[in-house]
Amino acid sequence: MAEHSTVITTTDTEDAAAELARSIVGARLAACVQVVGPIRSFYHWQGSVHDEREWQCWAKTSADRVAALRDHIAAHHSYDVPEIIVLPIVDGSPDYLRWLTAETRPA
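As the structure is a computational prediction, the values presented were derived from the model and not from experiment. (Residues numbered from 1 in each chain as written. Predicted model: local features only at pLDDT ≥ 70, side-chain atom pairs only at ≥ 80, totals over all residues. Heavy atoms only, no water.)

**Side note on the packing of aromatic side chains**
Okay, so step 1: Counted according to the given criterion, the structure contains one aromatic pair.
Okay, so step 2: Between the aromatic rings of Y96 and W99, the centroid separation amounts to 5.4 Å while the plane-to-plane angle is 45°, which identifies the pairing as tilted. Taken together, the residues Y96 and W99, both in helix α3 (residues 94-103) and three residues apart, mark about one turn of the helix.
Okay, so step 3: Y96 sits in the partly exposed class, given a relative accessible area of 31%.
Okay, so step 4: Classification of W99 by relative accessible area gives partly exposed; the value is 36%. (Phe/Tyr/Trp six-rings, centres within 6.5 Å; stacked < 30°, edge-to-face > 60°. Helix = DSSP H or I, 4+ residues; strand = E, 2+ residues; numbered from the N terminus. Buried < 20%, exposed > 50% of the residue type's maximum accessible area, 1.4 Å probe, protein only.)

Quick look at the structure:
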């Protein structure tokens, strides 16, 4: 199992993405959250196809913080069913990964 992960979610506004990113980093659940957008998302929801602008949040974290990060996103997200996707980081700069681990330790 990978020691580090990237957790992806989306929000409906740039401000919501920034607020969620700040709360994640402030809680030390991720070392870094990058906000990307706007993006255009097409999806089925409640019987119809939607075409919406969204902002992606890419949170880099230690694998042992993923469950707490998922819980945090679910608790602080405005969507009924927020996207929460976890991707393993299989390799990377050793210095960056050490920093990532250090920054995701509770203060």
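**Details of the pattern of salt bridges**
Okay, so step 1: A complete count under the given rule lists four salt bridges for this structure.
Okay, so step 2: One salt bridge connects D51 with R40, and the closest N-O pair in it is separated by 2.5 Å. Taken together, the residues D51 in strand β3 (residues 48-62) and R40 in strand β2 (residues 32-45) connect sequence positions eleven residues apart.
Okay, so step 3: Residue R40 is classed as exposed on the basis of its relative accessible area, which comes to 58%.
Okay, so step 4: Put simply, R105 and D64 hold a salt bridge, and the shortest N to O gap is 2.9 Å. Taken together, the residues span a long stretch of sequence, with R105 in the segment after α3 and D64 in the loop between β3 and α2 (66-76) at a distance of 41 residues.
Okay, so step 5: Judged by relative accessible area, D64 falls into the exposed class, the value being 55%. (Salt bridge = Lys/Arg side-chain N within 4 Å of Asp/Glu carboxyl O.)

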